[in-house]
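Each chain, written out:
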Amino acid sequence: MLEPAYQADVVIVGAGVAGLSAAHRLTSQGVTVAVLEAAPCVGGRMSTEKVDGFRLDRIGQLLSTAYPELRLAPGLDGLVLRPFAPGILLHGDGRHHRVDAPAGARSARGALHAVRALASAPRGLPGPRLVAASRRAASRRATFRVLPGAGQGAASRAGRAAAPLGGAVDQARLGAALTRFSTVPVERLLARPELPAGQSLAARGLPARTIDGFLRPLLAALLCDPALTTSSRCADLALRAFAGGRLCVPEGGAEALPELLAQTLPTGTVHTGVRVTSVSTTSVSTAEHGEIRCRAVLLATDARAAAELLPGLRVPDFHPVTVVHHTTDEPPRTGSALLLDADRGGPVAHTAVISEVDPSRAPSGRALISSTVLGPPPPDLETAVRTHLGRLYGTPTHRWETLAVHHTREAVPAMPAPHDLRRPVRLLAGLYVCGDHRDTSTVQGALHSAHRASTAILTDLGAAGSMHRADSTPTAQAA
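What counts and what doesn't
Residues numbered from 1 in each chain as written. Predicted model: local features only at pLDDT ≥ 70, side-chain atom pairs only at ≥ 80, totals over all residues. Heavy atoms only, no water. Core = buried A, V, L, I, M, F, W, Y, C linked by side-chain atoms within 4.5 Å. Buried < 20%, exposed > 50% of the residue type's maximum accessible area, 1.4 Å probe, protein only. Helix = DSSP H or I, 4+ residues; strand = E, 2+ residues; numbered from the N terminus. Contact = heavy atoms within 4.5 Å. Pairing = 2+ DSSP bridges. pLDDT = per-residue confidence, 0-100. Phe/Tyr/Trp six-rings, centres within 6.5 Å; stacked < 30°, edge-to-face > 60°. Axes fitted to C-alpha atoms, helices over the stretch in contact; angles between N-to-C directions. Parallel < 35°, antiparallel > 145°, perpendicular 65-115°, else oblique. Left-handed = near helix turned anticlockwise from the far one by under 90°. Nonpolar A, V, L, I, M, F, W, Y, C, P; charged D, E, K, R; others polar. Salt bridge = Lys/Arg side-chain N within 4 Å of Asp/Glu carboxyl O.

(A) Geometry of the nonpolar core. Phe84, Ile88 and Phe214 are the most contacted members of the largest nonpolar core, which totals 46 residues. Of all the elements in the fold, those that place two or more residues in this core are β4 (54-57), β7 (88-92), α6 (168-183), α9 (208-223), α10 (232-244), β10 (247-250), α13 (354-357) and β19 (401-413). A per-element tally of this core places α9 first, with 8 residues. Once residues within four sequence positions are removed from consideration, isoleucine 88 is found in contact with His97, Arg98, Val99, Phe214, Leu218, Phe242, Leu247, Leu338 and Leu340. Counting 43 residues, the second largest nonpolar core, distinct from the first, contains Val33, Val42, Leu298 and Ala456.

Next comes the structure, spelled out in structure tokens:
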């Protein structure tokens, strides 16, 4: 139990990924830290419900292996990421279309060559060698191919394979655009004119069919923003991560990431079930343990909770997210692909047989299908989702068992244009704030804001070590 007289160099309010990551950076420099969390467990919105051997994410934001902070943040060395199949699977006009992102692609010419080769190849069911070759090529270049659709013959598929991506030339232009995104420096992206993401798509030089059938549903999934009002700069960063890495989820559920951060902190750093009632530059007051004195305070809560402790902080709008989890013993035959609806003909923005991506999320012999609805859910959510999934997967869903429906009204902070991707994390000397609402509303943004906040704290403290010098070791200077 936290004693009333306990003191620390820095008190961090909130044990989500931002607060826990900041704690790692501070303790690694010899600064004593107390992380206070009102909930009974760590993680914040990155939580996972356990039901009969299933692990069900409440929000389940998509991660990317291209997120720099997943490599840079201390404490995450043991994190296991489970990637989706390369690229995505689009459902459009009654068929499935594979779009493989050009991770590691070297040139637009290479993307054009790949598309030309596929356009001239015979259509139909791919044989084992073609499948193996496609998987090997997925890590090198952009490819586009049609997969068997429910109730469709090979001849019919061959005649209409271009939709929704357009013909070979349109697909080559898309591949070249994604290739450029994978290599362009972040500074150049952030220097571009800023518009709502939906409006900026017309300037990509791509046909309307490719924009509406691919980029819009992809960005909606990456940004949790079906209307694409998000800043085009944030959208560009999302496309860059998609083009340069693999979409993925943490093994064991979203909670695995914050739990790993908490477990690898020094013993006694994190205190759950502690509700902070007020903060200052030198102390925090708690409902359970009175006042805790410190040299600096870092607010690492969600935006609304931070504004309640510091009136005057802006509270952004939020994107609501609903995740519906089903199980069946006869899973759809889409493998580990992330499936998007190019036609946007129902409430589901994206879905996957998530147990094919991460087998630890379902008991043996059962499949877990997790589907995300963006925006306000429809009145008859269960029926609408089940009907839509039947069309997307091309299989009956009436016998699927619903495990859980998680609706989070304030799931993801909105980032409309104009959006400051580097909102200040230092409010006063001794008072700091971090979280996805100070950066981009992604796990990368939350971790990066923690990086910025911990750097500011170390600079202000002078990295001079602990107040309790007799109980600590000398600290290295902050970089």
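(B) Local environment of the sheet that holds strand β5 (residues 63-64). Ordered in space as β5-β10-β6, the 3 strands form an open sheet in which the pairing is antiparallel. If you trace the sheet from one side to the other, it starts and ends with β5 and β6 (81-83), each paired once. For β6 and β10, the ladder comprises 3 bridges, and the chain directions are antiparallel. Across the sheet, arginine 82 pairs through a bridge with valine 249, a residue of β10.

(C) Summary view of the confidence of the model for the protein chain. The predicted model of the protein chain has a mean per-residue pLDDT of 84, with 82% of residues at 70 or higher. Throughout residues 103-161 the model reports pLDDT below 50, and contacts reaching past four residues in sequence, or to other chains, amount to 86 contacts. The model gives residues 464-479 a pLDDT under 50, and that stretch makes 29 contacts with residues more than four places away or in other chains.

(D) The packing of aromatic side chains, seen in detail. Counted according to the given criterion, the structure contains 2 aromatic pairs. Judged by centre distance (6.4 Å) and plane angle (55°), the ring pair of phenylalanine 214 and phenylalanine 242 falls under tilted. Linking phenylalanine 214 in helix α9 with phenylalanine 242 in helix α10, this pair joins segments that are 28 residues apart in sequence. We classify phenylalanine 242 as buried; its relative accessible area is 3%.

(E) Main features of the packing of α6 against α9. Packing of α6 against α9 brings their axes to within 10 Å, and their N-to-C directions diverge by 50°. It follows that α6 is oblique to α9 by the angle criterion. Considering only the axes of α6 and α9, their crossing is right-handed. Seen from α6, the contacting residues are Asp170, Leu174 and Leu178; seen from α9, they are Arg209, Thr210, Phe214 and Leu215. Among the residues making up the contact of α6 with α9, the classes are represented as 4 nonpolar, 1 polar and 2 charged.

(F) Local environment of the environment of alanine 453. With respect to the element layout, alanine 453 can be found in helix α15 (residues 443-461). A relative accessible area of 0% places alanine 453 in the buried class. Residues alanine 453 and alanine 18, 435 residues apart in the sequence, show an inter-C-alpha distance of 9.5 Å. Ignoring anything within four residues of it in the chain, the contact list for alanine 453 reads Leu298, Val425, Val433 and Cys434.

(G) Structural context of the packing of helix α1 (residues 17-27) against α15. Relative to each other, α1 and α15 sit at 40°, their axes nearing to 8 Å. Judged by the inter-axis angle, α1 sits oblique to α15. Like other packed secondary-structure pairs, α1 and α15 cross with a definite hand, here right-handed. Counted together, Val17, Ala18, Ser21, Ala22, Arg25 and Leu26 of α1 and Ala446, Leu447, Ser449, Ala450, His451, Ser454, Ile457 and Leu458 of α15 form the full contact between these two elements. Within the contact of α1 with α15, the residues separate by chemical class into 9 nonpolar, 4 polar and 1 charged.

(H) Quick look at the environment of alanine 208. Residue placement: alanine 208 occurs in helix α9. Looking at alanine 208, the relative accessible area reads 53%, which means it is exposed. Put simply, alanine 208 and leucine 165 are 43 residues apart on the chain and 9.5 Å apart in space, counted from C-alpha to C-alpha.

(I) How the structure looks around the pattern of salt bridges. Overall, the coordinates contain 20 salt bridges when judged by the stated rule. Aspartate 436 is the partner of arginine 45 in a salt bridge, and the nearest nitrogen-oxygen pair spans 3.0 Å. Here aspartate 436 lies in the loop between β21 (431-433) and α15 and arginine 45 lies in the loop between β2 (33-37) and β3 (48-51), a separation of 391 residues in the sequence. The buried category is assigned to aspartate 436, whose relative accessible area is 8%. The salt bridge involving arginine 452 is made with aspartate 439; its shortest N-O contact spans 3.5 Å. Taken together, the residues arginine 452 in helix α15 and aspartate 439 in the loop between β21 and α15 connect sequence positions 13 residues apart.

(J) Looking closely at the pairing of β7. Taking burial as the measure, the 5 residues of β7 include 5 buried ones, the bulk of the element. Relative to strand β8 (residues 95-100), β7 runs antiparallel, the two being bridged by 5 bridges. Among the inter-strand pairings, leucine 90 is bridged to a residue of β8, identified as histidine 97. Between β7 and β8, which pair antiparallel one after the other, the connecting turn spans 2 residues, and aspartate 93 there sits at a positive phi close to 55°.

(K) Representation of α1 within the structure. When you tally the buried positions in α1, you get 10 out of 11 residues, the bulk of the element. When α1 is considered as a whole, its buried residues turn out to be Val17, Ala18, Gly19, Leu20, Ser21, Ala22, Ala23, His24, Arg25 and Leu26.

(L) Structural view of unusual backbone geometry. Proline 418 follows alanine 417 through a cis peptide bond whose omega is -5°. Following the sequence through the fold, proline 418 ends up in the loop between β19 and β20 (426-428). A positive phi angle is found at aspartate 52, which is not glycine, with a value near 50°. Counting through the fold element by element, aspartate 52 comes out in the loop between β3 and β4. Although it is not a glycine, aspartate 93 sits at a positive phi angle of roughly 55°. Mapping aspartate 93 onto the fold places it in the loop between β7 and β8. Aspartate 93 sits in the partly exposed class, given a relative accessible area of 33%.

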